[in-house]
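Structural characterization, general
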Amino acid sequence: MAGHSKWKNIQHRKGRQDLKRGKMFTKVSKEIILAAKGGGDPDMNARLRAAIDAAKAVNLPKDKIETAIKKGTGELASEALEEIMYEGYAPGGVAILIEAVTDNRNRTVAEVRHILSKNGGSMGAAGCVAWMFDTKGVFAFDKEKYTEDQLLEAGLEGGVEDVLDDDDSWQVLCAAEDFHNARSAFEAAGIEIMSAGLNRIPQTTVAVDVETGRKVMKLYDALDDNDDVQNVYANFELPAELLAEM
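These numbers come from a predicted model, not from an experiment.

Thresholds, definitions, all that
- Residues numbered from 1 in each chain as written.
- Predicted model: local features only at pLDDT ≥ 70, side-chain atom pairs only at ≥ 80, totals over all residues.
- Heavy atoms only, no water.
- Helix = DSSP H or I, 4+ residues; strand = E, 2+ residues; numbered from the N terminus.
- Rg over C-alpha atoms; globule rule 2.2 N^0.38 Å.
- Buried < 20%, exposed > 50% of the residue type's maximum accessible area, 1.4 Å probe, protein only.
- Contact = heavy atoms within 4.5 Å.
- Areas by Shrake-Rupley, 256 points an atom, 1.4 Å probe, with all protein chains shown as cover.
- Lys, Arg positive; Asp, Glu negative; His and termini not counted.
- Charge placed at Lys NZ, Arg CZ, Asp CG, Glu CD.
- UniProt positions renumbered as here; feature names shortened; annotations may be inferred.
- Axes fitted to C-alpha atoms, helices over the stretch in contact; angles between N-to-C directions.
- Parallel < 35°, antiparallel > 145°, perpendicular 65-115°, else oblique.
- Left-handed = near helix turned anticlockwise from the far one by under 90°.
- Nonpolar A, V, L, I, M, F, W, Y, C, P; charged D, E, K, R; others polar.
- Core = buried A, V, L, I, M, F, W, Y, C linked by side-chain atoms within 4.5 Å.
- Phe/Tyr/Trp six-rings, centres within 6.5 Å; stacked < 30°, edge-to-face > 60°.
- Lys NZ or Arg CZ within 6 Å of the ring centre and 35° of its normal.
- Pairing = 2+ DSSP bridges.
- Polar contact = N/O pair within 3.5 Å; in protein donor to acceptor, adjacent residues only side chain to side chain.

Points about the overall build of the chain
Per the secondary structure count, the chain includes nine helices and ten strands. For 246 residues, the compact-globule estimate of 2.2 N^0.38 gives 18 Å, and the C-alpha radius of gyration of the chain, at 18 Å, lies within 12% of that figure. Expressed as a percentage of the 246 residues in the chain, the buried residues total 47%. In the chain, of all internal contacts separated by at least 6 residues, the share reaching a separation of at least 24 is 71%. Surface summary for the chain: the accessible area is close to 12,200 Å², and the carbon and sulfur share equals 49%. With 30 positive and 42 negative side-chain charges, the chain shows a spacing of 8 Å between the two charge centroids.

Right, here's the structure in full:
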């Protein structure tokens, strides 16, 4: 996987997100609200099911999940949220996509632009880097429980395209339109899914040196800390030296 994926996994293993549980609760709740606009039944709404799984992974209480679903379906009043995607560049010419959810577009674009410029990045025009990324279904599985062959055998009929070694887990990719079928195939085979969702995967990656890698990670973290930013995707590949340090 690209360097940004490994960095996020390292963050998770260090428990970094546990220190920001409130922010994570806010982000997963927003995603549930938005997903539920397409229907409140997770069996019929793949995005909602993935959002609920993500919420459970950070231990969002069941009553808060139910409240967020009702806000999305309109059963309960909710602030007007809109999804926005920003495109730009990080240090070293790294392409970066920023998915945000906001109730104030002007505030969010100003904050994102400030974070980029403060950390050596820049905002780009719409379409400048989005073409470099493909939207894929991404599943994670415990390497201690399953082999690559087991995952391929179970998932091929569901549209699985590739199985990648991502340190302590297997990352399984499929086309976005095959996400529901792939998930159903794994469940039918009794295979436990650690996490699942739709992610933007870079078509190619940019190798960065240690100094640039640190700058990119600093920018990445600053964006991730913003309350309106839901996801950050980039196409950098961290050097082995820097990964070893972490």
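So, the UniProt feature "domain: TACO1/YebC-like second and third" (unreviewed entry) in the chain
The feature "domain: TACO1/YebC-like second and third" (unreviewed entry), as annotated in UniProt, sits at residues 81-236 in this numbering. Along residues 81-236 the backbone is 31% helical and 39% strand, and the end-to-end C-alpha distance reaches 30 Å.

Let's talk about the packing of helix α5 (residues 105-118) against helix α8 (residues 210-225)
The interhelical angle for the contact between α5 and α8, taken along N-to-C directions, is 160°, at an axis separation of 9 Å. Between α5 and α8, the angle falls in the class roughly antiparallel. With respect to the hand of their crossing, α5 and α8 are arranged in right-handed fashion. Taking contact as the criterion, the partners of V112, I115 and L116 in α5 are, on α8, L219, A222 and L223. Here the residues of the contact of α5 with α8 are counted per class, giving six nonpolar, no polar and no charged.

What to know about the nonpolar core
The biggest cluster of nonpolar side chains holds 23 residues, and the ones touching the most others in it are I96, I98, L223 and F236. For this core, the secondary structure elements donating two or more residues are β1 (82-90), β2 (94-102), α5, α8 and β9 (229-234). With six residues, α8 is the single largest residue contributor to this core.

Here's the deal with the packing of aromatic side chains
Across all of its chains, the model carries six aromatic pairs by this definition. Taking the centre distance of 5.1 Å and the plane angle of 15° together, the rings of F139 and F179 count as stacked. Of the two residues, F139 sits in strand β4 (residues 133-142) while F179 sits in helix α7 (residues 179-188), which places them 40 residues apart along the sequence. In this pair, the class of F139 matches that of F179, namely buried. Over the aromatic face of W170 sits the side chain of K143, whose NZ or CZ is 5.0 Å from the ring centroid.

A closer look at unusual backbone geometry
The residue N59 is not glycine, and still its phi comes out positive at about 65°. Along the chain, N59 turns up in the loop between α3 (46-57) and α4 (62-73).

Some points on the sheet that holds β2
Strand pairing within a sheet occurs via backbone hydrogen bonds; the two strands may be parallel or antiparallel. On the basis of which strands lie adjacent, the open sheet formed by four strands has the order β3-β1-β2-β9 and antiparallel pairing. Strands at the two margins of the open sheet, each flanked by one partner only, are β3 (122-123) and β9. Here five bridges tie β2 to β9, and the two strands are oriented antiparallel to one another. From the neighbouring strand, I96 faces β9, where its bridge partner is A234.

Looking at the environment of K143
Its location among the elements puts K143 in the loop between β4 and α6 (148-155). Taking the C-alpha atoms as reference points, K143 and S169, separated by 26 residues in sequence, lie 4.9 Å from one another. Polar side-chain contacts of K143 include one of 2.8 Å to the side chain of D165.

Looking at the environment of D162
Relative to the helices and strands, D162 is located in strand β5 (residues 160-166). Sequence separation of D162 and E237 is 75 residues, and the distance between their C-alpha atoms is 19 Å. Here D162 is in contact with Q171, V172 and L173, once residues within four sequence places are set aside.

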